[in-house]
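Chain and residue survey
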Protein chains: 2
Amino acid sequence: MTVSIKDVARVAGVSPATVSRVLGNGTVVSDALRAQVEAAVRKTGYRPNLSARRLRSRHSQTIGLIVADIRNPFFTAVGRAVEDIAYQAGLRVILCNTDENPEKEALYLRLMEEERVTGVIFAPTRQTVDRMTETPQSFPTVLIDRACHRSQEDAVVLDNHASAGMLVEHLHAQGYRRMIGLFGNASTTGIERHDGYIAAMTRFGLTPDAVFIPPTSEAAEAEVRRRIAEGVAARPDAVIASNGLLLMGVVRAVREAGLVIPGDLAVAGFDNERWTELVGPGITVIEQPVEAIGRTAMAMLLERLDTPDAPIRKVVLNGRCVVRGSTAARRTSRAV
Amino acid sequence: MTVSIKDVARVAGVSPATVSRVLGNGTVVSDALRAQVEAAVRKTGYRPNLSARRLRSRHSQTIGLIVADIRNPFFTAVGRAVEDIAYQAGLRVILCNTDENPEKEALYLRLMEEERVTGVIFAPTRQTVDRMTETPQSFPTVLIDRACHRSQEDAVVLDNHASAGMLVEHLHAQGYRRMIGLFGNASTTGIERHDGYIAAMTRFGLTPDAVFIPPTSEAAEAEVRRRIAEGVAARPDAVIASNGLLLMGVVRAVREAGLVIPGDLAVAGFDNERWTELVGPGITVIEQPVEAIGRTAMAMLLERLDTPDAPIRKVVLNGRCVVRGSTAARRTSRAV
DNA sequence: GATGTTTGTGAAATCGTTTTCATTGATAAA
DNA sequence: TTTATCAATGAAAACGATTTCACAAACATC
């Protein structure tokens, strides 16, 4: 039925080995035979069977990309960059969505073993980051977005601590004093951004007011709605959200309450998603170099495959503060 | 090195065939042996080699998902739905981004053959839709988002013609008369929505004013900027954009020109992306049932695998018109 | 008691490649 | 001339699983 390398060999009048050599590895084949084989391939419409090739050659030419949810624009952008480079390098990508669920993470890591992937790019939850130091994988891993100091894997992350500090600093310079912080509770980024927020607030002699919530816009919306309902006196003058999902929830809650950004409440957060430019006066955000993160992660993975014993590297990229109207200078009449 | 089914068999004191039976197919194995095998699997840390399994069993348990760009929220949402169902059904998904490039489409279709996928879900460009009727694939295909009447594949699409008509109708009812249309030039959806727009405009006795542009927000932005620069007299009173990408470009151009939505220009379009709810007075859009599209496509593919000879089906889903402030009733003082 | 039938198991073939190893003829070196 | 080296090729093994086939034991039927 389906045409195999033997059929090609028969048509070309050579051995299967020779066909294989023409197709794949760079071994020398005489020009005459090479031409015969190529003709036979065209004539038969032969397509190599990648499963057979992987089995025999013992490399899968496949990497895994495990993220929380591809619908999150951050992961979408990173993922697209990863895929582009992977396909260029002749690698297949297996994409997995964990929904920040450690069980799914474990499931997919097992799947990666069964696929015999050559490597994995992984944005793990806090729980799994910790567990990975104990049970090493059978493949090299590059962590993205999330990692910790003691993780034994290559990683490429944002300077979360400094970036959160930049937001606090900016808001402070604009005259805000009562900035509250909403942080995702599933990832290490939430913690690091939280710590950066606390440190900066403390540095300015301000009272931190931070809360960890599930990483959904609904949770952020509910939290902000609650804070607004507490009344004007208790109300913060600015909100910082630790990622794009939360940020959207914040904006929704503010709009719904009929408040004005930044007059009633300033808003800032992480992830320069395209809508942040278009909403109200524009939302001030920390822009992550999403393509660079994807490209760097792939580059690190490829280098690791080349030199498995090189020392473990952790690349920290800087965020860029994109200032927009949502954090315009506070009106002095209302200043504390 | 890596532990194979033979190792497990040796440890369990049975034949490899028995191990295979315990692991995989539902053939009967005595309880005693089953327990021994399971113990041996645990003890050895055995992981099946999926390449070997695929080669021998001759089904890849893999489907392809070929879309223009996973960063487009429409495809992201559809893709996520597809992946969820696929993984549930024990199928792997290979994701490919074509960037609306027919050459990449051809490349990836060839890749699908080499992977021996069991099926493909595909959002093709116009060119490839046409070419596919000529050269049938070696695997069943479900087209999504894009198809044409004569395509010989299952398909699940939006009722583009009617949906575009709904937008025109709504704008007309709100008092708008000079609605221009921006349509993507790479896909059949652009054409169908264009035709629906023309039909509805004609029905109302209005002069259609439509343009096909590349499917990027930059192209839309440039086009609208150009139209605005032509001066108030020539200016349309409403803009319809045939997808979320174009819609974003439209909004950017309008904001940049300092015009007010809908006072100076009403805006409506396709794709209920989350930002459309938050921008200005909210943007009126046709919401596509994105999850349903993904789920339906997967369901159709699975059914097709079950019954290869069933007649070809084309499922047409309705869009929902989400009315927001961007198309509020036209002020009568300015009515034509 | 003789003869099917069913059930559980293992030996061996097989999937479609790549890789190892042997062979051949040609060329270089002694 | 003889021997060593090399390049090009084919035969056969191997990759790690599933599947086919054969067989024995247990059971049912007449």
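Here's a quick rundown of the structure. Note that the structure is predicted; figures quoted are calculated from it, not measured.

Section: the environment of A:Asn160
Residues and elements named next belong to chain A.
- Mapped onto the elements of the fold, asparagine 160 is located in helix H8 (residues 160–173).
- Distance from asparagine 160 to glutamine 288, taken between C-alpha atoms, is 9.9 Å for residues 128 residues apart in sequence.
- Excluding anything up to four places from it in sequence, asparagine 160 contacts Asp145, Thr189, Glu192, Arg193 and Phe270.
- In this structure the side chain of asparagine 160 is engaged in a polar contact, spanning 2.6 Å, whose partner is the side chain of arginine 193.

Thoughts on the relation of the copies chain B and chain A
- For the match of chain B to chain A, the screw axis carries a shift of 0.0 Å, the RMSD comes to 0.1 Å, and the turn is 180°. A rotation of that kind, with that shift, is consistent with a two-fold axis.
- Interface overlap between copies: 100% of the residues of chain B at the interface are likewise at the interface in chain A, consistent with a symmetric, same-surface contact.

Section: the protein's contact with DNA strand C
- The environment of DNA strand C is made up of 27 residues, and the closest members are A:Ser20, B:Thr18, B:Arg21, B:Ser30 and B:Arg56.
- A:Ile5 is positioned with one of its backbone polar atoms (N or O) 2.6 Å from a phosphate oxygen of DNA strand C.
- The side chain of A:Ser20 places a nitrogen or oxygen atom 2.5 Å from a phosphate oxygen of DNA strand C.
- At the level of elements, helix H2 (16–23) and helix H4 (50–57) of chain A together with helix H2 (16–23) and helix H4 (50–57) of chain B are the ones that each hand at least two residues to the surface near DNA strand C.
- Among the elements that line the surface near DNA strand C, the one with the most residues is H4(A), at four residues.
- Here the surface near DNA strand C is composed, by residue class, of 11 nonpolar, nine polar and seven charged.

Quick word on the sheet that holds strand E8 (residues 238–241) of chain B
Residue and element names in this part refer to chain B.
- The mixed open sheet is built from six strands, whose spatial order is E7-E6-E8-E9-E10-E12. Lying at the two open borders of the sheet, with one neighbouring strand each, are strand E7 (210–213) and strand E12 (320–322). Pairs of neighbouring strands in the sheet enclose a mean axial angle of 20°, with direction left out of account.
- Relative to E7, strand E6 (residues 179–184) runs parallel, the two sharing four bridges. Among the inter-strand pairings, phenylalanine 183 is bridged to a residue of E7, identified as phenylalanine 212.
- Strands E6, E8, strand E9 (266–270), strand E10 (284–287) and E12 of the sheet are contacted by helix H8 (residues 160–173), whose axis makes an angle of about 165° with E9.
- This element, helix H9 (residues 188–203), spans E6, E7, E8 and E9 of the sheet and lies at about 165° to E6.

With respect to empty space enclosed by the protein
- Using the criterion set out here, one finds one cavity of 30 Å³ or more in the structure.
- By volume, the largest cavity is sized at about 120 Å³.
- Taken together, A:Arg54, A:Ser60, A:Thr62, A:Arg92, A:Ile94, A:Glu115, B:Ser51, B:Arg54, B:Thr62, B:Arg92, B:Ile94 and B:Glu115 make up the full set of residues lining the largest cavity.
- Contributions of two or more residues to the lining of the largest cavity are made by strand E2 (92–97) of chain A together with H4 and strand E2 (92–97) of chain B.
- Of the residues in the lining of the largest cavity, the class split is two nonpolar, four polar and six charged.

Things to note about helix H13 (residues 290–306) of chain A
- Compared with an ideal rise of 1.5 Å per residue, which puts 17 residues at 24 Å, H13(A) spans 25 Å between its outermost C-alpha atoms and is within 8% of the ideal.
- Summarising the contacts, the buried residues of H13(A) are in contact with strand E1 (62–67), helix H5 (73–88), strand E3 (119–122), strand E4 (141–144), strand E5 (154–158) and strand E11 (314–317) of chain A.

Points about the pairing of strand E10 (residues 284–287) of chain A
Residue and element names in this part refer to chain A.
- Across three bridges, the pairing between strand E9 (residues 266–270) and E10 is parallel. Residue pairing across strands places phenylalanine 270 opposite isoleucine 286, the latter belonging to E10.
- Pairing between E10 and strand E12 (residues 320–322): three bridges, direction antiparallel. Directly across from glutamate 287, in E12, lies its bridge partner arginine 320.

Here's the deal with the protein's contact with DNA strand D
- Around DNA strand D there are 27 residues in total, and A:Thr18, A:Ser30, A:Arg58, B:Ile5 and B:Ser20 lie nearest to it.
- Between DNA strand D and the protein, one listed contact pairs a phosphate oxygen with a side-chain N or O atom of A:Ser30 at 2.6 Å.
- B:Ile5 has a polar backbone atom sitting 2.4 Å from a phosphate oxygen of DNA strand D.
- Those elements that provide at least two residues to the surface near DNA strand D are H2 and H4 of chain A together with H2 and H4 of chain B.

Focus: the sheet that holds E10(A)
Residues and elements named next belong to chain A.
- Overall, mixed pairing links the six strands, which are arranged E7-E6-E8-E9-E10-E12 in an open sheet. At either end of the open sheet lies a strand with only one pairing partner, and these are strand E7 (210–213) and E12. The sheet shows a mean angle of 20° between the axes of neighbouring strands, taken without regard to direction.
- Set on the sheet, H8 makes contact with strand E6 (179–184), strand E8 (238–241), E9, E10 and E12; between it and E9 the angle comes to about 165°.
- Against the sheet, helix H11 (residues 244–256) engages E6, E7, E8, E9 and E10, with an angle of about 165° to E9.

Definitions and cut-offs
- Residues numbered from 1 in each chain as written.
- Chains lettered and ligands numbered in written order.
- Predicted model: local features only at pLDDT ≥ 70, side-chain atom pairs only at ≥ 80, totals over all residues.
- Heavy atoms only, no water.
- Helix = DSSP H or I, 4+ residues; strand = E, 2+ residues; numbered from the N terminus.
- Contact = heavy atoms within 4.5 Å.
- Polar contact = N/O pair within 3.5 Å; in protein donor to acceptor, adjacent residues only side chain to side chain.
- Least-squares fit on C-alpha atoms with pLDDT ≥ 70 in both.
- Near = heavy atom within 4 Å.
- Nonpolar A, V, L, I, M, F, W, Y, C, P; charged D, E, K, R; others polar.
- Pairing = 2+ DSSP bridges.
- Axes fitted to C-alpha atoms, helices over the stretch in contact; angles between N-to-C directions.
- 1 Å grid on protein atoms, 1.4 Å probe; cavity = no way out; pocket = protein on both sides within 12 Å on 5 of 7 lines; lining within 4 Å.
- Points joined across faces, edges and corners; volume = space filled by probe spheres on them.
- Expected span 1.5 Å × (residues − 1).

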